[in-house]
Amino acid sequence: MEKFKQSEYLPIFLLVGIFILCIPFFWLHQGLLTIDTGRELYIPSRMLSGELLYRDILNIYGAFAYQLNAVLFGIFGERIETLYSFGLLNSLLIVLSVFFISREFFDKTVSFLFGLLTITIPVFTPYLFNTNLPYSYSFVYSLSTFLLSVLFLIKFEKTKQIKFSYLSSFFIGFSIASKLEFSLFILVIAFILIQNKLTIKQLLFNSVSFAIMPIISYGILLIQGVKISDFISKMIRKFKFYTLQENMIMMTL
């Protein structure tokens, strides 16, 4: 028993156990369906009915999150339980990613506390900004894949194993396919890859790994009939929307 307590796996088992114990107490008691969370339900539903992102449906985020949720609706049914259940799996991925990233720098106890803090604050909070039934699935899907990209980049920097650089590039591509704001992390990856003097072939493989998910995601839209002009016009509307928000905030100060 003492040997088990000293095991590297004990903090992971504890985090997963605490996570599972919290589920019955918070099941569907998160998010606000009367406002923005409701958008996360009706956009995938409209996609299943044949409408297209950026052409028929106003969307200020990346495409992948809604495409994934539409697939989940198609498989498991158009129910709030479908998205909430997958949101829980994604939240667990966030918690474990935080733990493993912390573990690269701290001991098991501190890393466990970081994981526990993640469960307590962003995951199982009854308010709108949670990761199970969130304000935006685009953000939480991007967050989980961004954390995986960070984790594998750290492992690459420590071990110099090229496979970790490919995984880091792949997951940041995944992240950007849902939320473009995470694209700035590409500069960090590029800096570390160049600093490590990767060959042209290795840099090319990293570029391909990065491009896989965005090409699949937006390629599907192009095949469906969405034009590049549709996407550009929605991004312009997004910029105007955020500018209007900033002006309204400044007026209240």
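Everything that follows concerns the structure shown earlier in this document.
Novice: Pulling in residues and values, what's your account of the environment of N130?
Specialist: Among the secondary structure elements, N130 is positioned in the loop between α6 (108-123) and α7 (137-159). Put simply, N130 and G87 are 43 residues apart on the chain and 9.7 Å apart in space, counted from C-alpha to C-alpha. With sequence-adjacent residues up to four places away left out, N130 is seen in contact with Q30, G31, P122, V123, T125 and V140. At a separation of 2.8 Å, a polar atom in the side chain of N130 contacts the main-chain amide nitrogen of N132. Here L133 takes part through its backbone nitrogen, which lies 2.7 Å from a polar atom of the side chain of N130.

Novice: Outline the pattern of salt bridges, listing residues and values.
Specialist: Pairing is possible between side chains of opposite charge, provided their charged atoms come close. According to the stated counting rule, one finds seven salt bridges in the structure shown. Across the salt bridge formed by E104 and K155, the nearest N and O atoms sit 3.1 Å from each other. Here K155 lies in helix α7 and E104 lies in the loop between α5 (80-103) and α6, a separation of 51 residues in the sequence. A relative accessible area of 19% means that E104 is categorised as buried. Classification of K155 as partly exposed rests on a relative accessible area of 27%. Among the salt bridges present, the one from E104 reaches K158, with a minimum N-O distance of 3.3 Å. Of this pair, E104 sits in the loop between α5 and α6 while K158 sits in helix α7, placing them 54 residues apart in sequence. Here the residues in one salt-bridge network are E104, K155 and K158, joined through shared partners.

Novice: Can you lay out the packing of aromatic side chains for me, pointing to particular residues and giving the numbers?
Specialist: Scanning all chains against the criterion turns up 18 aromatic pairs. For the pair F139 and F182, a centre-to-centre distance of 6.1 Å together with 40° between the ring planes defines the contact as tilted. Here F139, found in helix α7, pairs with F182, found in the loop between α8 (162-176) and α9 (185-195); they are 43 residues apart in sequence, far enough to count as distant. Judged by centre distance (5.2 Å) and plane angle (75°), the ring pair of F170 and F171 falls under edge-to-face.

Novice: Any details on the packing of α8 against helix α10 (residues 200-224)? Residues and values, ideally.
Specialist: It is the contact of α8 with α10, at a shortest axis distance of 7 Å, that shows an interaxial angle of 30°. Taken together, the axis directions place α8 and α10 in an arrangement best described as roughly parallel. Here α8 runs over α10; the crossing is right-handed. Between α8, through I162, S165, Y166, S169, F170, I172, G173, F174 and I176, and α10, the contact on the second element is made entirely by Q202, F205, N206, S209, F210, I212, M213 and P214. Taken together, the residues of the contact of α8 with α10 sort by class into 11 nonpolar, six polar and no charged.

Each value, and the rule that gives it
Residues numbered from 1 in each chain as written. Predicted model: local features only at pLDDT ≥ 70, side-chain atom pairs only at ≥ 80, totals over all residues. Heavy atoms only, no water. Helix = DSSP H or I, 4+ residues; strand = E, 2+ residues; numbered from the N terminus. Contact = heavy atoms within 4.5 Å. Polar contact = N/O pair within 3.5 Å; in protein donor to acceptor, adjacent residues only side chain to side chain. Salt bridge = Lys/Arg side-chain N within 4 Å of Asp/Glu carboxyl O. Buried < 20%, exposed > 50% of the residue type's maximum accessible area, 1.4 Å probe, protein only. Phe/Tyr/Trp six-rings, centres within 6.5 Å; stacked < 30°, edge-to-face > 60°. Axes fitted to C-alpha atoms, helices over the stretch in contact; angles between N-to-C directions. Parallel < 35°, antiparallel > 145°, perpendicular 65-115°, else oblique. Left-handed = near helix turned anticlockwise from the far one by under 90°. Nonpolar A, V, L, I, M, F, W, Y, C, P; charged D, E, K, R; others polar.

So yeah, pure geometry; function would need other evidence.
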